[in-house]
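Here is how the chains run, residue by residue.
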Amino acid sequence: MPTTTYSQEEITAMMSELQSNLLPALLEQMQLVSQLPPLLTRQQFMELADISHTKANELFNTRGFPVTRKLGYPRVLTKEFFEWLNEDVVRREEFPNFANRVI
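Residues numbered from 1 in each chain as written. Predicted model: local features only at pLDDT ≥ 70, side-chain atom pairs only at ≥ 80, totals over all residues. Heavy atoms only, no water.

## Brief notes about the nonpolar core
As a reminder, the rule being used: In plain words, nonpolar cores are sets of buried Ala, Val, Leu, Ile, Met, Phe, Trp, Tyr and Cys residues tied together by side-chain atoms within 4.5 Å. A 1.4 Å probe rolled over the protein chains alone gives each residue an accessible area, and that area as a share of the maximum for its type sets the label: buried under 20%, exposed over 50%, partly exposed in between. A helix here means a DSSP run of H or I that spans at least four residues, while a strand means a run of E at least two residues long, and both kinds are numbered starting from the N terminus. Whether two residues touch is decided by their heavy atoms; if any such pair falls within 4.5 Å, the residues are in contact.
Judged by nonpolar contacts, L40, F45, L59, F60, F65, V67, V76, F81, F82 and W84 together constitute the single largest core of 10 residues. Counting residues per element, the ones that place at least two in this core are α3 (53-60) and α4 (78-94). Per-element tally for this core: the top contributor is α4, with three residues. In contact with L59, not counting residues within four places along its chain, are F45, I51, F65 and W84.

This is how it looks when you write it as structure tokens:
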């Protein structure tokens, strides 16, 4: 297996690039999540995701989707929703042939 070696200057440049591009995006996402309520009602979730009742029902019944029904009506766990969404994106990048499969 080939090995790549980087100089300290190259590592510093890469870290600087990551910091300047990644950090603002992460901070923006954290601010967005912190401004949302910890639990989203069905209507709040549909407005946030810009989806219809049909798609919301489909997601609410998808295994692994972060929804709880223990408080009466279904509520989406906000923080876990964004984590679930990010995991889905990573999974689709790792397994592109399965991107359109319904789970």
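From this point, the narrative continues.
## Some thoughts on a nonpolar patch on the surface
Heads up, the condition is: Patches here: salt-bridge-free residues with over 30% relative accessible area, like charges joined within 9 Å, nonpolar side chains (Val, Leu, Ile, Met, Phe, Trp, Tyr) joined within 5 Å. Only the protein chains shown count as cover for residues, and all accessible areas are computed by the Shrake-Rupley method using a 1.4 Å probe. Only one rule defines a salt bridge in this text: a Lys or Arg side-chain nitrogen within 4 Å of an Asp or Glu carboxyl oxygen.
Nonpolar side chains collect at one region of the surface, where Y6, I11, M14, M15, L18, L22 and L26 lie side by side and expose about 650 Å² of accessible area between them. By secondary structure assignment, the location of L22 is in helix α1 (residues 8-35). With a relative accessible area of 44%, L22 lands in the partly exposed category.

## Description of the sheet that holds strand β1 (residues 39-40)
Test applied: Strand pairing requires that DSSP identify at least two bridges connecting the strands.
Strand order in the open sheet formed by three strands is β1-β3-β2, and the pairing between neighbours is antiparallel. Two strands lie at the open edges of the sheet, namely β1 and β2 (67-68), each paired on one side alone.

## Observations concerning α3
The line we're drawing: Throughout, the arc means that of the directions going from the helix axis to the C-beta atoms.
Inspection of α3 places A56, L59 and F60 among the buried residues, and these make up the whole buried set. All buried residues of α3 fall inside an arc of 95° around its axis, so they share one side.

## As for the packing of aromatic side chains
Geometrically, a pair of aromatic rings is defined through the distance of the ring centres and the angle of the planes. This is how the line gets drawn: The rule is short: rings of Phe, Tyr and Trp, with Trp giving its six-membered ring, pair when the centres are within 6.5 Å, and they are stacked under 30 degrees, edge-to-face over 60, tilted in between.
The full count for this structure, using the stated rule, is eight aromatic pairs. Relative to F81, the ring of F45 lies with its centre 5.1 Å away and its plane at 85°, an arrangement referred to as edge-to-face. With F45 in helix α2 (residues 42-49) and F81 in helix α4, this residue pair connects regions lying 36 residues apart in the sequence. A residue is classified by how much of its surface remains accessible, and F45, at 0% relative accessible area, is buried. Measuring from centroid to centroid gives 5.9 Å for F60 and F65, while their planes differ by 25°, and the two rings are stacked. Comparing F60 with F65, the two get one shared label, buried.

## Points about the pattern of salt bridges
Should their charged atoms come close, side chains of opposite charge can pair. As enumerated under the stated definition, the model contains one salt bridge in all. K55 is the partner of E58 in a salt bridge, and the nearest nitrogen-oxygen pair spans 3.1 Å. Linking E58 with K55, this pair stays in helix α3, spanning three residues, or about one helical turn. In this structure K55 comes out as partly exposed when scored by relative accessible area, which is 34%.

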